[in-house]
Amino acid sequence: MPGEAFDDMLRAASELRPLGIDAVFTRLGENVTDAAEASAVTRHYLEVLDAIAAKGIRCEPSIKLTQLGLDLGEEHAYANLRALAERSHATGNYLWVDMEQSSYVDVTLDLTRRLKAEFPRVGVCLQAYLYRTKNDLPALVEQGIGVRLVKGAYKEPPEVAYPKKADVDGNFFALAVAMLEGLGRKSGFRPVFGTHDLALIDRIRAHAERAGLAARDIEVHMLYGIQRAEQGRLVKDGAIVRVLIAYGAYWFPWYMRRLAERPANVWFVVRSVFTG
Ligand SMILES: Cc1cc2nc3c(=O)[nH]c(=O)nc-3n(C[C@H](O)[C@H](O)[C@H](O)COP(=O)(O)OP(=O)(O)OC[C@H]3O[C@@H](n4cnc5c(N)ncnc54)[C@H](O)[C@@H]3O)c2cc1C
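Fair warning: this is a prediction, and the values are worked out from it, not measured in the lab.

1. Regarding the pattern of salt bridges
- Under the criterion given, the structure shown has 25 salt bridges.
- Here Arg114 makes a salt bridge to Glu75, at a shortest N to O gap of 3.0 Å. Taken as a pair, Arg114 in helix α4 (residues 105-116) and Glu75 in helix α3 (residues 74-90) lie far apart in primary sequence, 39 residues in all.
- Given a relative accessible area of 34%, Arg114 falls into the partly exposed group.
- One network of salt bridges, with partners in common, ties together Arg17, Asp22, Arg58, Glu60, Arg190, Glu219 and Arg242.

Have a look at this one:
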């Protein structure tokens, strides 16, 4: 994290631009169960969208529906999400919806599809560890909803998710191939790969080259501060790179929860200190 305040995020995003890297931003937080707090989060994002437009920074929001009050009811979250999509659209931005635990996948996809019926530049995160993702993907491609494919960060039971890393990686590649096949469709589908797995990225890029796609057809999103050298190399090779910048005072509980859910995440953070 570049800092707790959204000004820190904006500063970090503007510093990335000369390197040819754009940003995605998110304010840490999840599972808001108080309506006033969900409204405050929404107002905050509206303010940031305006600041980004005023400063001409290339920075796309990525939002968790539980932060907008999903646990208070679907319509509650949708009203807040819609307000963000409206402002995002008015300021020429693109709105990403994060994917949370597997129990939220149906509602997240439903609300994203609803949003897409009204606003053109909308995308959602899909998780390669879920068995269902291969069935969720085709409809999103057809509807031109952007997909940011990630491995998946939550602890999920083997009934819904591949328990073995090798299977998650294999599924990620298969889904990436299907996503690249969706490029060039009239729907305007936007495929994005959200990973730091260099071997996987190279494999996807090699496949894209064999399929006759351009280097610019590969868009990779990574976390701020991780794999910096690799981000630069990808830009040099012609790929599109965005970096997800998180900010907010909620970082400590958020981080502890990530660790509790998936202890492997500690290595992810520790290693980045030395290799990022
Ligand atoms: C932009 C973005 C958005 C995301 N959004 C969501 C979301 O909405 N929902 C969700 O469930 N998850 C999300 N995630 C998290 C994601 O699911 C993974 O938990 C996280 O990205 C780690 O997986 P990985 O694909 O990078 O590779 P891993 O399998 O964790 O690591 C693969 C390889 O990458 C390299 N690597 C990993 N970490 C580091 C490091 N710190 N420093 C150097 N090399 C490293 C190593 O070589 C490692 O072997 C998001 C991730 C990103 C980058």
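2. Notes on the sheet that holds strand β3 (residues 95-97)
- The eight strands are arranged β1-β2-β3-β4-β5-β6-β7-β8 in a closed barrel whose pairing can be described as parallel. The mean inter-strand angle of the sheet, taken between neighbouring strand axes irrespective of direction, is 25°.
- Bridge count between β3 and strand β4 (residues 122-127): three bridges; the pairing is parallel. Bridge pairing in β4 links Leu95 to Val122.
- Those strands touched by helix α2 (residues 35-55) are β1 (22-27), β2 (59-63) and β8 (240-247), and its axis lies near 160° from that of β1.
- In the packing of α3 onto the sheet, the strands contacted are β2 and β3, and the crossing angle to β3 comes to about 150°.

3. Quick look at the pairing of strand β7 (residues 219-223)
- Buried residues dominate β7, accounting for four of its five residues.
- Handedness of the β-α-β unit built from strand β6 (residues 191-194), helix α7 (residues 198-210) and β7 comes out right-handed.
- Considered for its hand, the β-α-β crossover made up of β7, helix α8 (residues 228-236) and β8 is right-handed.

4. Brief notes about the packing of helix α5 (residues 133-143) against helix α6 (residues 165-181)
- Where α5 contacts α6, the two axes come as close as 11 Å, and the packing angle between them is 10°. Judged by the angle between their axes, α5 and α6 are roughly parallel. Within the contact between the two elements, α5 uses Thr133, Lys134 and Leu137 and α6 uses Leu175, Ala178 and Met179.
- A per-class count over the contact of α5 with α6 returns four nonpolar, one polar and one charged.

5. Comments concerning the packing of aromatic side chains
- Considering all chains together, one arrives at five aromatic pairs under this definition.
- Considering the side-chain rings of Phe25 and Tyr247, the 6.4 Å spacing of their centres and the 35° angle between planes classify their relative orientation as tilted. One end of the pair, Phe25, is in strand β1; the other, Tyr247, is in strand β8, with 222 residues separating them in the sequence. Of the two residues, Phe25 and Tyr247, both sit in the buried class.
- Measuring from ring centre to ring centre gives 6.5 Å for Phe172 and Phe193, while their planes differ by 50°; the resulting arrangement is tilted. Placement of Phe172 in helix α6 and of Phe193 in strand β6 is noted, with a sequence separation of 21 residues between them.

6. A few points about helix α1 (residues 6-16)
- Burial in α1 covers these residues: Phe6, Met9, Leu10, Ala12, Ala13 and Leu16. Viewed end-on, α1 has its buried residues packed into an arc of 165°, placing them on one side of the element.
- Looking at the buried positions of α1, the neighbouring elements they touch are β1, α2, β2 and β8.

7. Comments concerning the confidence of the model for the protein chain
- Mean pLDDT over the protein chain stands at 90; residues scoring 70 or higher make up 89%.
- The low-confidence segment residues 272-276 (pLDDT under 50) makes six contacts with residues lying over four places distant or belonging to another chain.

Thresholds, definitions, all that
- Residues numbered from 1 in each chain as written.
- Predicted model: local features only at pLDDT ≥ 70, side-chain atom pairs only at ≥ 80, totals over all residues.
- Heavy atoms only, no water.
- Salt bridge = Lys/Arg side-chain N within 4 Å of Asp/Glu carboxyl O.
- Helix = DSSP H or I, 4+ residues; strand = E, 2+ residues; numbered from the N terminus.
- Buried < 20%, exposed > 50% of the residue type's maximum accessible area, 1.4 Å probe, protein only.
- Pairing = 2+ DSSP bridges.
- Axes fitted to C-alpha atoms, helices over the stretch in contact; angles between N-to-C directions.
- Contact = heavy atoms within 4.5 Å.
- Right-handed = clockwise from strand over helix to strand, strands pointing away.
- Parallel < 35°, antiparallel > 145°, perpendicular 65-115°, else oblique.
- Nonpolar A, V, L, I, M, F, W, Y, C, P; charged D, E, K, R; others polar.
- Phe/Tyr/Trp six-rings, centres within 6.5 Å; stacked < 30°, edge-to-face > 60°.
- Arc of directions from axis to C-beta.
- pLDDT = per-residue confidence, 0-100.

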